[in-house]
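Examination of the molecular architecture
What follows is the residue order along each chain.
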Amino acid sequence: MTIDVLIVDDEELIRVGLRAIIDAQPDLRVVGEAGDGAELPALLARLRPRVVLMDVRMPAIDGIQATRRLLAGSADPPRVLVITTFENDEYVYSALRAGASGFLLKRARPAELLDAIRIVARGDSLLFPAAIRRLVASYGGAGGDRLDRARLTGREAEVLRLMAAGLSNVEIAETLVVGVETVKTHVGNVLGKLGARDRTQAVIAAYESGFVTPAAD
């Protein structure tokens, strides 16, 4: 199945470069481009992409506002992958909190970009534990008693801690010596109890509530 991608970036040169890399792949295709978040609603309704590559800093409607509107405006919204110049950026953190599935630096290698698109397209989050720790340490606000209110079981808490460490479902299953389907059930329960759209939002909640500490690398 071909993965349809929409590129949203105010720099034409960046859009051209991303399109060339993506369209060279047999399983990926760019279905449209936008220079600002204000153009998104019409394009999303017409093109229905699976993944949106979203710049965070744009002149009229930035990537944070665009991500919030995108996720609120559809029962089955596309996945958002933030493309950014600076890793430790408050805009990136805000976009992740708004519902983006992950972020990638514009200087990333083409293979990393392609892998990231495929990862988020299949419904997974693109988590870089060390990067998220730094973002939370720099920009994270207090998460209050969100984890307390969630009333996670002991096993669900273990799973969340391993998610925060960047482990996949398979790796979590190996660590806890349980089946992958069991882990998927626990992950689903964690997301539901936290009201998180995906793993990225769950991990951010874990850091902001103090359940996981953004210690130095």
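Presented here is a report on the structure given in the accompanying data block. It should be emphasised that the depicted structure is a prediction, and the values quoted were computed from it without experimental measurement.

1. Considerations on the overall build of the protein chain
Along the backbone of the protein chain there are 11 helices and five strands. Taking 2.2 N^0.38 as the reference for a compact globule, 217 residues should give roughly 17 Å; the C-alpha atoms of the protein chain span a radius of gyration of 17 Å, in line with that estimate. Structurally, the protein chain occupies a C-alpha span of about 50 × 35 × 35 Å along its principal axes. For the protein chain, the proportion of contacts with a sequence separation of at least 24, taken over those separated by at least 6, is 69%. With the model as given, the accessible surface of the protein chain reaches about 10,300 Å², and the carbon-plus-sulfur share is 51%. Across the protein chain, the mean location of the 27 positive side-chain charges is 4 Å away from that of the 29 negative side-chain charges.

2. Topic: the layout of surface pockets
Estimates place the volume of the largest pocket at around 430 Å³. Elements with a contribution of two residues or more to the lining of the largest pocket: α9 (169-176) and α10 (180-194). Top element by residues in the lining of the largest pocket is α10. It accounts for four residues. A per-class count over the lining of the largest pocket returns eight nonpolar, five polar and eight charged. Approximately 350 Å³ is the volume found for the second largest pocket. Around the second largest pocket, the lining is made up of 18 residues, and of these Leu44, Ala45, Leu70, Ser74 and Pro78 lie nearest the centre.

3. Examining the packing of aromatic side chains
The geometry of an aromatic ring pair is captured by two quantities: the separation of the ring centres and the angle between the planes. For the structure on display, the rule yields zero aromatic pairs. Note that Arg161 overlies the ring of Phe211, its terminal NZ or CZ placed 4.2 Å from the centroid.

4. Observations regarding the side chain of Asn169
For Asn169, the location among the structural elements is in helix α9. Setting aside residues up to four positions removed in sequence, Asn169 forms contacts with Val180, Val183, Lys184, Val187 and Arg199.

5. A word on the pattern of salt bridges
Evaluated as defined, the whole model comprises 14 salt bridges. Between Arg15 and Glu33 there is a salt bridge; the shortest N-O distance is 3.0 Å. In this pair, Arg15 is assigned in helix α1 (residues 12-23) and Glu33 in strand β2 (residues 28-34), connecting sequence segments 18 residues apart. What makes Arg15 buried here is its relative accessible area of 14%. The partly exposed category is assigned to Glu33, whose relative accessible area is 26%. Taking the shortest distance from any N to any O, the salt bridge between Asp198 and Arg79 comes out at 3.5 Å.

6. Brief notes about the sheet that holds strand β3 (residues 51-55)
Strands sit in the order β2-β1-β3-β4-β5 across an open sheet of five strands; the sheet is parallel. Since the sheet does not close on itself, it has two edges, and those belong to β2 and β5 (102-105), each with one partner. Ignoring which end each strand starts from, the neighbouring axes of this sheet average 25° apart. Relative to strand β4 (residues 79-84), β3 runs parallel, the two sharing five bridges.

7. Observations regarding the environment of Met54
Of note, Met54 is situated in strand β3. Residue Met54 is classed as buried on the basis of its relative accessible area, which comes to 0%. Sequence separation between Met54 and Thr84 is 30 residues; the distance between their C-alpha atoms is 8.3 Å.

8. Topic: the pairing of β2
Relative to β2, strand β1 (residues 3-8) runs parallel, the two being bridged by six bridges. Of the residues in β2, the one forming a bridge with Asp4 is Arg29. Running through α1, the crossover from β1 to the neighbouring parallel element β2 is right-handed.

Conventions and cut-offs
Residues numbered from 1 in each chain as written. Predicted model: local features only at pLDDT ≥ 70, side-chain atom pairs only at ≥ 80, totals over all residues. Heavy atoms only, no water. Helix = DSSP H or I, 4+ residues; strand = E, 2+ residues; numbered from the N terminus. Rg over C-alpha atoms; globule rule 2.2 N^0.38 Å. Contact = heavy atoms within 4.5 Å. Areas by Shrake-Rupley, 256 points an atom, 1.4 Å probe, with all protein chains shown as cover. Lys, Arg positive; Asp, Glu negative; His and termini not counted. Charge placed at Lys NZ, Arg CZ, Asp CG, Glu CD. 1 Å grid on protein atoms, 1.4 Å probe; cavity = no way out; pocket = protein on both sides within 12 Å on 5 of 7 lines; lining within 4 Å. Points joined across faces, edges and corners; volume = space filled by probe spheres on them. Nonpolar A, V, L, I, M, F, W, Y, C, P; charged D, E, K, R; others polar. Phe/Tyr/Trp six-rings, centres within 6.5 Å; stacked < 30°, edge-to-face > 60°. Lys NZ or Arg CZ within 6 Å of the ring centre and 35° of its normal. Salt bridge = Lys/Arg side-chain N within 4 Å of Asp/Glu carboxyl O. Buried < 20%, exposed > 50% of the residue type's maximum accessible area, 1.4 Å probe, protein only. Pairing = 2+ DSSP bridges. Axes fitted to C-alpha atoms, helices over the stretch in contact; angles between N-to-C directions. Right-handed = clockwise from strand over helix to strand, strands pointing away.

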